[in-house]
Amino acid sequence: MSGRPPLRAAVVGAGRMGMVHGHLLQVHPETELVGLVDRDLSLADHLASQGLRAPLYPSIEALYGATNPEAVFICTPTHTHLAVVRECLARPVHLFVEKPLATSRADAEAILRLASDARVMHAAGYVYAHLPVVQAAHQLVAKGVLGEVLRFTAHAYVSEVFGPKQGWFFQKEQAGGGVVANMASHLLFILGWLFGPIRGVTASTRSHFSRVDDSAQVLFTFATGVRGLLDTSWSVPGTQMLDYGLTIDGRNGTLVLGRERILLHLLVPAAGHDAGWSEIHASDLPADTAFDVSPHIGGEAFYRQLQTFVDACRNGVLPFCSLAEACNTQRMIEAIYASAAAGTPVEA
Amino acid sequence: MTAGGAQLVLELRPAASRHYASWTERLGTVARFSRPDEVHALCEEAYALGARAVLAVVDAPIREALLEFQRWRDVPVWAVVPNMFAFIRDLTDLGMVGAARARFTRLGPAAMVRTGLGAVSRLGAIRRRDFATGTTLVAEMELAALRGLRVTRLFLHPQVTEVALAGGVSAAFTALADRAECLGIEAGIVTHNPLRAAAVLGRELGRFAAVVAPCNPKGYKMFPDREACEQLYRREPGRFIAAEVSAGDAVAPGPALAHVRALGLAGAVLDPRFVERAFRAGT
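Summarised in this report is the structure supplied together with it.

Cut-offs applied
By convention here, each chain's residues receive numbers from 1 onward along its written sequence. Ligands are numbered from 1 and chains lettered from A, in the order in which they are written. In keeping with the model being predicted, local features are shown solely for residues with a pLDDT of at least 70 and side-chain atom pairs are shown and tallied solely at 80 or more, while totals for entire chains, interfaces and linings include all residues. Processing note: side-chain calculations cover all non-hydrogen atoms of the structure and skip hydrogens and water entirely. Helix numbering and strand numbering both begin at the N terminus, where a helix is a DSSP run of H or I of at least 4 residues and a strand a DSSP run of E of at least 2. Radius of gyration: over C-alpha atoms. The globule rule applied is 2.2 Å multiplied by the number of residues raised to the 0.38 power. Throughout, exposure labels follow a simple rule: accessible area from a 1.4 Å probe, protein chains only, divided by the maximum for the residue type, with under 20% read as buried, over 50% as exposed, and the rest as partly exposed. Note on contacts: a residue pair is in contact if any heavy atoms of the two residues lie within 4.5 Å. With residues, only the protein chains shown are counted as cover, and all accessible areas are computed by Shrake-Rupley using a 1.4 Å probe. The term salt bridge refers to a pairing of a side-chain nitrogen on Lys or Arg with a carboxyl oxygen on Asp or Glu at a separation within 4 Å. A pair of strands is treated as paired once DSSP finds two or more bridges between them. The axes used here are C-alpha line fits, helices contributing only the stretch in contact, and every angle between their N-to-C directions lies in the interval 0 to 180 degrees. N or O atoms closer than or at 3.5 Å make up a polar contact, with two conditions inside protein: a donor-capable atom paired with an acceptor-capable one, and, for residues adjacent in sequence, both atoms drawn from side chains. Patch construction takes residues with relative accessible area above 30% that form no salt bridge. Like charges are linked within 9 Å, and nonpolar side chains (Val, Leu, Ile, Met, Phe, Trp, Tyr) are linked within 5 Å. Here is the rule: rings of Phe, Tyr and Trp (six-membered ring for Trp) pair when centre to centre is within 6.5 Å. Planes less than 30 degrees apart are stacked, more than 60 are edge-to-face, and the remainder are tilted.

What follows covers the overall build of chain B. For chain B, the count of helices and strands is 13 helices and 8 strands. For chain B, whose C-alpha radius of gyration is 18 Å, the value lies close to the compact-globule estimate of 19 Å for 283 residues. Buried residues in chain B amount to 57% of all 283 residues. In chain B, once contacts between residues fewer than 6 apart in sequence are set aside, the share between residues at least 24 apart is 70%. About 11,300 Å² of surface is accessible on chain B, with carbon and sulfur atoms providing 55% of the total.

As structure tokens, this is what we get:
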């Protein structure tokens, strides 16, 4: 604990993610949950019964009339993010926006402009980027351990959609897409964080069961010249939580990123790492987590994500997971859908 | 293999709900453990290593395997309910009412009547979508569906447990303990946040015969840190059972159990990877 006064935060949208963030804001020693906002006030008893003790307000206006949050967590359906951000920024509050940022690149960039103009801190909820192994992999690439990065292959799979689905999450207009926008975007964020902006993509998507994309194959070219392949589907058997993998080849070796470990093969030693094979296991990395709100999905990454946001708000320095980085992810999502629709490569 | 007086417990849950080193390993393992005979074989390997209880999130293959296993072995099941991954999927596909109905229709006639009567007495709380009531009701239905298995301990699924602990909802746990008492069995807690559990439950923690929480020499998944967790465990080692003993496969079976033994914990939970590794090594 830093001894700083707690960051007073509110959550807009009391669905599943809103409840997760609400709980973490109550548990974290440097934050205080001062309110929840949802149009469905009948949720009040349910939320209270879960131990979410802050009042539930029917609107942001009502929240602002009753309390004075320093930060707002936006957990409403994706298509509402721009309008909610605009309303929240009636006051200069720091913004945390759940992923994906928006249903279109234009909306995502508008959100970023609003936040930048308001000079507030901001972050997006790509939680897997906060896993210790992912951050360790980023450090290795950033330090140049692999030398010039040449190529990668990646996958993101989950067993979720095997028939028609209901709800906003499966409506393109409301969710921004299917597996690419809502599951693979976790990995797209990590790819963008590792390799920067894309130059172009060639993509194919398919709807096997739902009315949105259930699978996709993508060939990326990044501005740096890095090229790579992503295969994703939420209609494969065998994994109840998101299973991702990433193999990166550079001139000096290969890095294989999994859920619990990094395998590294180097041709010559670099940055303290020996030549040949080595392993970095999650258990070798500091977790820096006081509470695990979701042991099987996300784990310590949720707490670390919140800590990153709190630090940004307190230090006035934008975090690596800022809305600018999330805009880069949105550009990738939009380019993938554009290429798939056109059946041709697309420049980003 | 022994843990020096510590009870060994096999941990079973749907293989698709675990992490693996690669996609290939995942598919191979999930396919193998979709077969009840393979799960049964794993139970026998664990038994050979000294495991005398099975902590289980039960799906169809696991249920079938445990029924077969318990015909031959006097090994009780410690049931973890509800199966949250299945429940969340049903919530998405069927809604809250549909998910509850799906569980209700799986019950036998007597359990249907019992559950129905129990629900009637809690209609107000159900209408308010009270968390502790809803959790308990779903847990009761899943427990009732385990008929035929010898269950001696009852645990809430960790995804529910951590939410209840975050919110300080001790009622979710006391309801579980009450239900377990009614059934003549014991209640337990599975958590990654044992310190929070102790803080939320206070003296009520004494109602839970076992608290299953991470314990390994690397501090893996021990939140907020290894030192704080071990301090808690040392205060009442007989109540705690070590989970994540191999720290995600980073610690070999021998040293993993030696660590549990050194702390004097009541037992250790062994995941399938640990069991197969130890069995093949003949540890």
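To continue, consider the pattern of salt bridges. Enumeration over the complete set of coordinates arrives at 30 salt bridges over all chains. Between B:R32 and B:E276 there is a salt bridge, with the nearest N and O atoms lying 2.8 Å from each other. Highlighted residues: B:R32 in helix α1 (residues 23-32) and B:E276 in helix α13 (residues 272-281), separated in sequence by 244 residues. B:E276 gets classed as buried once you look at its relative accessible area, which sits at 15%. If you follow the salt bridges from partner to partner, you end up with A:E260, B:D249, B:R273 and B:R277 in one network.

Attention now goes to the sheet that holds strand β4 (residues 71-74) of chain A. Residues and elements named next belong to chain A. Here we have 6 strands laid out as an open sheet, ordered β3-β2-β1-β4-β5-β6, and parallel in their pairing. The open sheet terminates on both sides in strands that have one partner only, identified here as β3 (56-57) and β6 (122-124). Where strand β1 (residues 7-12) and β4 come together, 4 bridges link them in parallel fashion. Across the sheet, residue A10 finds its bridge partner in β4, namely V72. Of the strands in this sheet, β5 (94-97) and β6 touch helix α10 (residues 323-342), which is tilted by about 35° from β6.

Once that is clear, we can look at the environment of B:S17. Within the secondary structure, B:S17 is located in the loop between β1 (7-12) and α1. The spacing of B:S17 and B:V30 is 13 residues in sequence and 9.2 Å in space, taken between C-alpha atoms. Beyond its immediate stretch of four places on either side in the chain, B:S17 contacts A:Q240, A:M241 and B:F85.

Counting residues at the interface gives 41 residues for chain B and 44 residues for chain A. Across the contact surface, chain B and chain A share 4 salt bridges. A:D243 serves as the salt-bridge partner of B:R26, at 2.6 Å between the closest nitrogen and oxygen. One can count 16 residue pairs in polar contact (both at pLDDT 80 or more) joining chain B with chain A. Of all the secondary-structure elements, those providing two or more residues to the side of chain B that touches chain A are α1, α4 (84-105) and α8 (158-166) of chain B. For the side of chain B that touches chain A, the element with the highest residue contribution is α8(B), accounting for 6 residues.

Turning our eyes to something else, we now look at the side chain of A:H21. You can see A:H21 is positioned in helix α1 (residues 16-27). For A:H21, the residues in contact, after removing those within four places along its chain, are A:V11, A:F73, A:C75, A:F96, A:E98 and A:Q305.

This paragraph deals with a nonpolar patch on the surface. Residue and element names in this part refer to chain B. Judged by side-chain polarity, V120, L123 and I126 come together as a nonpolar surface patch covering roughly 240 Å² of accessible area. Relative to the helices and strands, L123 is located in helix α6 (residues 123-127). The class for L123 is partly exposed, based on a relative accessible area of 40%.

What follows is about the packing of aromatic side chains. All names here are of chain A. Under the criterion given, the structure shown has 22 aromatic pairs over all chains. Aromatic side chains F73 and F96 sit 4.8 Å apart centroid to centroid with 20° between the ring planes, which places their arrangement in the stacked category. Note that F73 is positioned in strand β4 and F96 in strand β5, a separation of 23 residues in sequence. Where F170 meets W234, the ring centres are 5.3 Å apart and the plane angle is 55°; that geometry is what we call tilted. Placement of the pair is F170 in the loop between β7 (149-157) and α7 (172-175) and W234 in the loop between β10 (227-233) and β11 (243-250), with a sequence separation of 64 residues. One exposure class covers both F170 and W234, and it is buried. Here the aromatic cluster, defined as three or more aromatic residues joined through ring pairs, consists of Y126, F189, W193 and F320.

Any functional reading would require information beyond the geometric quantities listed.
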